[in-house]
Structures are given as C-alpha cells and as structure tokens.
Amino acid sequence: MPDPRTFRDSTQILIPCELLADLREEIKAEFVVTIYEHAPGMCRIIGSPVEIRAVSDFLARRGIATP
C-alpha cells in the first residue's frame, strides 16, 4: 500500500499566510483549490496534483518558493 504522505505532498502546499496576502484572491480565481489557515500564520492550499503543480509554478513566477 502506498504511503499516504506521498499523496498529501502532491495535493497540498503549506505556506506562511503573509506570503499569500496579495495573491490569495488571484489564486482562488485562477485555480480550483481551497485555501485555509492551518495553524496560526500558516495557510494550506489544497487541490488536485495538477492544480497544486500549477499553483506552485504560479508562486515560483512571483518569487515564492514552495517546498
């Protein structure tokens, strides 16, 4: 059976909310993802592996590195 962490890593991005302050609405409008505050100051972006890759590329083009 596959390790669940493998799937979780490909379907979410955990990032400081302050980095999303100006981009949050644009991300929600352009991609099919859910964004919520996971812990104080940390936001979780959840979506399909295809959408998460696209969001990661979008953030990278704006100088925000994702793990």
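Residues numbered from 1 in each chain as written. Predicted model: local features only at pLDDT ≥ 70, side-chain atom pairs only at ≥ 80, totals over all residues. Heavy atoms only, no water.

Engineer: Before we move on, can you summarise the pairing of strand β3 (residues 42–47) with the specific residues and values?
Structural biologist: Sheet analysis places strand β1 (residues 12–16) next to β3, joined by five bridges and oriented antiparallel. From the neighbouring strand, Ile15 faces β3, where its bridge partner is Cys43. The sheet contact formed by strand β2 (residues 33–39) and β3 spans six bridges and is antiparallel. Paired with Val33 across the bridge in β3 is Gly47. Between the antiparallel neighbours β2 and β3 lie two residues, among them Gly41 with a positive phi of about 85 degrees. (Pairing = 2+ DSSP bridges. Helix = DSSP H or I, 4+ residues; strand = E, 2+ residues; numbered from the N terminus.)

Engineer: Residue-level account of the sheet that holds β3, with values.
Structural biologist: Reading across from one edge, β1-β3-β2 is the order of the three strands in this open sheet, with antiparallel pairing throughout. The sheet is open, and its two borders are formed by β1 and β2, each paired with just one other strand. Across this sheet, the average inter-strand angle for adjacent strands is 25 degrees, counted without regard to direction. Contacting β1, β2 and β3, helix α4 (residues 49–61) crosses the sheet at an angle of about 135 degrees to β3. (Axes fitted to C-alpha atoms, helices over the stretch in contact; angles between N-to-C directions. Contact = heavy atoms within 4.5 Å.)

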